[in-house]
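In case you want the letters, here they are:
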Amino acid sequence: MLPAIAPGDWLLVDPTTRRWPRRGSIVVFREPSTEELAVKRVAGRPGDTVPFADGFLRLADDEAWLLSDAPEADAAAAGYGPPVDSRRYGPVPVELLVGRIWFRYAPLSRLGLVR
Amino acid sequence: MSRLTAWLAPKTVVRAHCDLPCGVYDPEQARIEAESTYKIIEKMGGNADPAFTTRAIHIKEERADLVKHHLDVLWHDYFKPEHLDKVPNLHELFWNATKQVSKVKASTDLADAQKLLEMIDEIDAAWKATGGPEKTRVAGRPG
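Owing to the predicted nature of the structure, the values given are computational and were not obtained by experimental measurement. (Residues numbered from 1 in each chain as written. Chains lettered and ligands numbered in written order. Predicted model: local features only at pLDDT ≥ 70, side-chain atom pairs only at ≥ 80, totals over all residues.)

Chemist: So what's going on with the overall build of chain A? Which residues, and what values?
Modeler: Tallying secondary structure elements over chain A gives two helices and nine strands in all. Listing each helix as α and each strand as β along chain A from the N terminus yields β-β-β-β-β-β-α-α-β-β-β. Within chain A, the proportion of its 115 residues that are buried is 24%. (Helix = DSSP H or I, 4+ residues; strand = E, 2+ residues; numbered from the N terminus. Buried ≥ 20, exposed ≤ 12 C-beta atoms within 10 Å, placed from the backbone.)

Chemist: For the overall build of chain B, give the residues involved together with the corresponding values.
Modeler: Within chain B, the regular secondary structure consists of six helices and zero strands. Seen in sequence order, chain B has helices and strands lined up from the N terminus as α-α-α-α-α-α. Out of the 143 residues belonging to chain B, those deemed buried represent 23%. Taking contacts inside chain B between residues at least 6 apart in sequence as the whole, the part at least 24 apart equals 76%. (Contact = placed C-beta atoms within 7 Å.)

Chemist: Could you give an account of the environment of Pro-82 of chain A, naming the residues involved and the relevant values?
Modeler: Considering the arrangement of structural elements, one finds Pro-82 of chain A in the loop between helix H1 (72–77) and helix H2 (86–89). Considered as a pair, Pro-82 of chain A and Ser-68 of chain A are 14 residues apart in the sequence and their alpha carbons are 9.7 Å apart.

Chemist: Report on the interface of chain B and chain A, specifying residues and quantitative values.
Modeler: Much of the literature gives interface size as the accessible area that the parts lose upon coming together. Tallying the contact residues gives eleven residues for chain B and 17 residues for chain A. Tallied by class, the residues present in the side of chain B that touches chain A amount to seven nonpolar, two polar and two charged. (Nonpolar A, V, L, I, M, F, W, Y, C, P; charged D, E, K, R; others polar.)

Chemist: Lay out the pairing of strand E6 (residues 63–67) of chain A with the relevant residues and their values.
Modeler: All names here are of chain A. Among the five residues that make up E6, four are buried, leaving the element largely enclosed by the rest of the structure. Taken together, the three bridges between strand E3 (residues 37–44) and E6 define a ladder with antiparallel strand orientation. When the bridges of E6 are listed, Val-42 appears paired with Leu-66. Strand direction decides the pairing type here: E6 and strand E7 (residues 92–93), joined by two bridges, are antiparallel. Among the inter-strand pairings, Glu-63 is bridged to a residue of E7, identified as Pro-93. (Pairing = 2+ DSSP bridges.)

Chemist: Now, about the nonpolar core: what can you tell me, with residues and values included?
Modeler: Core analysis: the biggest nonpolar cluster contains 22 residues, and Ala-97, Leu-116, Ile-120 and Ile-123 of chain B have the highest contact counts within it. Among the elements that take part in this core, helix H5 (residues 110–129) of chain B stands out by supplying seven residues, more than any other. The residues contacting Ile-120 of chain B, other than those within four sequence positions of it, are Pro-27, Ala-30, Arg-31, Ala-34 and Ala-97 of chain B. Val-28, Ala-38, Leu-66 and Ile-101 of chain A belong to the second largest nonpolar core, which has 19 residues in total. (Core = buried A, V, L, I, M, F, W, Y, C linked by C-beta atoms within 7 Å.)

Chemist: Can you break down the packing of helix H4 (residues 90–106) of chain B against H5 of chain B residue by residue, with the values?
Modeler: Residues and elements named next belong to chain B. Remark: H4 packs on H5, axes separated minimally by 9 Å, with the N-to-C direction vectors making an angle of 155°. In this view, H4 runs roughly antiparallel relative to H5, as classed from their interaxial angle. The handedness of the crossing between H4 and H5 is left-handed. Residues Leu-90, Leu-93, Phe-94, Asn-96, Ala-97, Gln-100, Val-101, Lys-103 and Val-104 of H4 lie in contact with H5, whose contacting residues are Asp-112, Ala-113, Lys-115, Leu-116, Met-119, Ile-120, Glu-122, Ile-123 and Ala-126. (Axes fitted to C-alpha atoms, helices over the stretch in contact; angles between N-to-C directions. Parallel < 35°, antiparallel > 145°, perpendicular 65-115°, else oblique. Left-handed = near helix turned anticlockwise from the far one by under 90°.)

Chemist: Requested: an account of the packing of helix H2 (residues 28–45) of chain B against helix H3 (residues 50–78) of chain B, with residues and values cited.
Modeler: Residues and elements named next belong to chain B. At a minimum axis separation of 8 Å, H2 and H3 run at an interaxial angle of 160°. As summarised for this structure, H2 and H3 are arranged roughly antiparallel, according to the angle between their axes. The two elements H2 and H3 meet at a crossing, and its hand is left-handed. In this structure, H2 contributes Gln-29, Ala-30, Glu-33, Ala-34, Ser-36, Thr-37, Ile-40, Lys-43 and Met-44 to the contact, and H3 contributes Thr-53, Ala-56, Ile-59, Lys-60, Arg-63, Ala-64, Leu-66, Val-67, His-70 and Leu-71.

Chemist: Requested: an account of the confidence of the model for chain B, with residues and values cited.
Modeler: Chain-level pLDDT for chain B is 91 on average; 97% of the residues reach the 70-or-more range. For chain B, the element scoring lowest by mean pLDDT is helix H1 (residues 3–8) of chain B, at 86; H5 of chain B scores highest, at 97. (pLDDT = per-residue confidence, 0-100.)

Chemist: Summarise the pairing of strand E4 (residues 49–52) of chain A; cite the residues concerned and give the values.
Modeler: All names here are of chain A. Sheet topology places E4 next to strand E5 (residues 55–58); four bridges connect them, and they run antiparallel. Each residue of the ladder has a partner; that of Pro-51, found in E5, is Phe-56. Hairpin connection between E4 and E5: a loop of two residues separates the two successive antiparallel strands, and Ala-53 in this loop has a positive phi of roughly 50°.

Chemist: Talk me through H3 of chain B; I want residue IDs and the actual numbers.
Modeler: Given 3.6 residues to a turn, an α-helix orients residues that are three or four positions apart in the same direction. In this model, H3 of chain B (29 residues) spans 41 Å end to end at C-alpha, consistent with the 42 Å of a helix rising 1.5 Å per residue. In this structure, the buried residues of H3 of chain B make contact with H2, H4, H5 and helix H6 (132–136) of chain B. (Expected span 1.5 Å × (residues − 1).)

Chemist: Any chance you could break down the confidence of the model for chain A for me, citing the residues and the numbers?
Modeler: In the predicted model, chain A carries a mean pLDDT of 90, and the fraction of residues at 70 or more is 98%. E7 of chain A holds the highest mean pLDDT among the elements of chain A, 96, whereas H1 of chain A holds the lowest, 75.

So, in structure tokens, the structure goes:
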């Protein structure tokens, strides 16, 4: 999720979020199927239409489309495979949402709101 | 770390998940497990002992699941959209082969297991046609 979030950042999460925050927000959620805590950016909200496979997909009332910031080519250049996000596991239901990341309190040089 | 920083430090770690695949793929893995299902069906034909049959069925299920797993990994991770130019029926190959695995699970007919082996060989040909052996295996094995 560079440059928005770097490995080792200390972040504050707003856990009171009960609905998908606006597009562009970075959220913590449990990955479908693996249940692992992950961070991604909200790219689509309930009711949005998102590109999927060769067509489009309309998100249901409780679903969001969550994407990595890294373009696939950058991830590959860094020695990683394709980012694991909604393109892999599809829309994410709101019950898997843990909270919205809003503030970084360390390292101090990068203190501030997370965008 | 001072007590203050220890107190301030986050207690939960979240990941921005990327795969780090090893990049080694070979349909041989699926073929070996499929050969197991073939041999098990063969052995079941020559032994009517109920305890043996129970074990054989159990192991056949297990091996068949491994075939599916190895095929899925090839399908999802090795093959890329650009390979469709060389192997236009790629998706059909995998769909049919994984369906055939389900058939082998429920079957005690050697012909079903044989058909699965042939389908895996077709996938093997697709893997070879797309440069799989050179791209995904580590060179230098003794012939």
